[in-house]
Amino acid sequence: MYKVLSIAGSSSLGSAGIQADLKTFQERGVYGMGAITAFVTVSPNRGRRIYPQPLEVLEAQCDAALAGTGIASLKTGMLHSVEHIQYVSELIRDHQLHRVVVDPVMVTKNGAELLQPEAVKAMQSTLFPLATVLTPNIPEAIKLSGLSQIESVTQMKNAAQKMYTCGSKYVLIKGGSLKGNEAIDLLYDGETFTTFTRERIDTNTNGTGCSFSAAIAAELAKGASLPAAVKTAKDYITAAIRYALRFPDGSERLNHAAYRMNHSSDIVR
């Protein structure tokens with residue numbers, strides 16, 4: 001079984017961060033491992049709190065995960081500090097990792113800032129050039145491209161072209177927060193734009209971007225091309241949203257098993 005490593009934050013709610021990544025890896029038929037950069041908690045009483053881990057703790061986790069047989073692909077999520085970003089960039093180069101999904105995790109879809117400006121700059125200069133694909137959401141794409149707004153596919157294309165200059169092989173803008181009846185994601189390879197469109201589903205789930213990017217990493221590990229990986233991941237996350245789990249307090253969480261319910265023969269290849 002192919003092994004995939006996620007280097008990301010931990011979300012105690014279970015539908016984002018490392019927790020979402022590991023669920024997604026399991027559902028997509030790869031062996032998931034994780035290295036935690038920070039613990040993120042969100043509660044009505046305390047709001048959002050971030051507890052970053054020391055660099056030596058991250059290094060120890062990654063050393064353990066990469067020992068022996070190595071990994072087939074890597075996904076990065078929330079990298080809290082400049083030190084973390086620089087270390088992960090060195091790790092990718094030292095281990096010659098060629099299937100790397102970089103989810104910037106800088107701004108939530110609701111606009112909450114998760115990274116300091118110096119960390120954003122470090123990502124752009126050191127990590128993005130090593131990425132197979134960069135997967136920002138709309139608020140992140142605005143921040144990274146320098147555009148004042150992104151409210152159309154045309155503006156998504158403009159933003160993708162600007163972000164592509166940072167050096168990744170592909171840019172995938174996750175357009176879930178765009179208004180309209182369709183959920184449109186845009187893939188750019190430096191020459192061609194490809195859109196992935198599904199019916200928009202009203203939801204208040206979180207972690208969709210984490211799970212989408214994790215599914216892409218899983219498919220790459222199994223040998224899929226990037227466009228094919230995105231297509232499968234789009235179907236996977238759409239099912240997870242459509243059949244979201246609803247709890248007594250009114251909250252919704254992604255149903256990571258939903259795709260498997262209808263496509264069990266498609267998981268392991």
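Residues numbered from 1 in each chain as written. Predicted model: local features only at pLDDT ≥ 70, side-chain atom pairs only at ≥ 80, totals over all residues. Heavy atoms only, no water.

Quick notes on the overall build of the protein
Alright, step 1. Within the protein one finds 9 helices and 11 strands.
Alright, step 2. On C-alpha atoms alone, the protein measures out to a radius of gyration of 17 Å, which is about the 18 Å that the 2.2 N^0.38 rule sets for 269 residues.
Alright, step 3. Taken along its principal axes, the extent of the C-alpha atoms in the protein is 45 × 45 × 40 Å.
Alright, step 4. Here the protein holds 269 residues, and the buried ones make up 51% of them.
Alright, step 5. Look at the contacts in the protein between residues 6 or more apart in sequence, and 65% of them connect residues 24 or more apart.
Alright, step 6. The distance from the centre of the 27 positive side-chain charges to the centre of the 24 negative ones in the protein is 4 Å. (Helix = DSSP H or I, 4+ residues; strand = E, 2+ residues; numbered from the N terminus. Rg over C-alpha atoms; globule rule 2.2 N^0.38 Å. Buried < 20%, exposed > 50% of the residue type's maximum accessible area, 1.4 Å probe, protein only. Contact = heavy atoms within 4.5 Å. Lys, Arg positive; Asp, Glu negative; His and termini not counted. Charge placed at Lys NZ, Arg CZ, Asp CG, Glu CD.)

Some words on the packing of helix H2 (residues 55–66) against helix H3 (residues 82–94)
Alright, step 1. Packing of H2 against H3 brings their axes to within 10 Å, and their N-to-C directions diverge by 25°. Judged on the interaxial angle alone, H3 and H2 are roughly parallel. Handedness of the H2/H3 crossing: right-handed. Of the residues in H3, those touching H2 at Leu-55, Leu-58, Glu-59, Cys-62, Asp-63 and Leu-66 are Glu-83, His-84, Tyr-87 and Leu-91.
Alright, step 2. In terms of residue class, the contact of H2 with H3 is made up of 6 nonpolar, 1 polar and 3 charged. (Axes fitted to C-alpha atoms, helices over the stretch in contact; angles between N-to-C directions. Parallel < 35°, antiparallel > 145°, perpendicular 65-115°, else oblique. Left-handed = near helix turned anticlockwise from the far one by under 90°. Nonpolar A, V, L, I, M, F, W, Y, C, P; charged D, E, K, R; others polar.)

Concerning the side chain of Glu-140
Alright, step 1. Looking at where Glu-140 falls in the secondary structure, it is placed in helix H5 (residues 138–145).
Alright, step 2. Here Glu-140 occupies a buried position and makes no salt bridge, while the nearest side chain of opposite charge, Lys-174, is found at 5.1 Å.
Alright, step 3. Residues in contact with Glu-140, not counting those within four places in the same chain, are Asp-103, Pro-104, Val-105, Met-106, Val-107 and Thr-135. (Salt bridge = Lys/Arg side-chain N within 4 Å of Asp/Glu carboxyl O.)

Quick look at the pairing of strand S3 (residues 47–52)
Alright, step 1. Across 6 bridges, the pairing between strand S2 (residues 31–43) and S3 is antiparallel. In the sheet register, Phe-39 faces S3, and the bridge partner there is Tyr-51.
Alright, step 2. Hairpin connection between S2 and S3: a loop of 3 residues separates the two successive antiparallel strands. (Pairing = 2+ DSSP bridges.)

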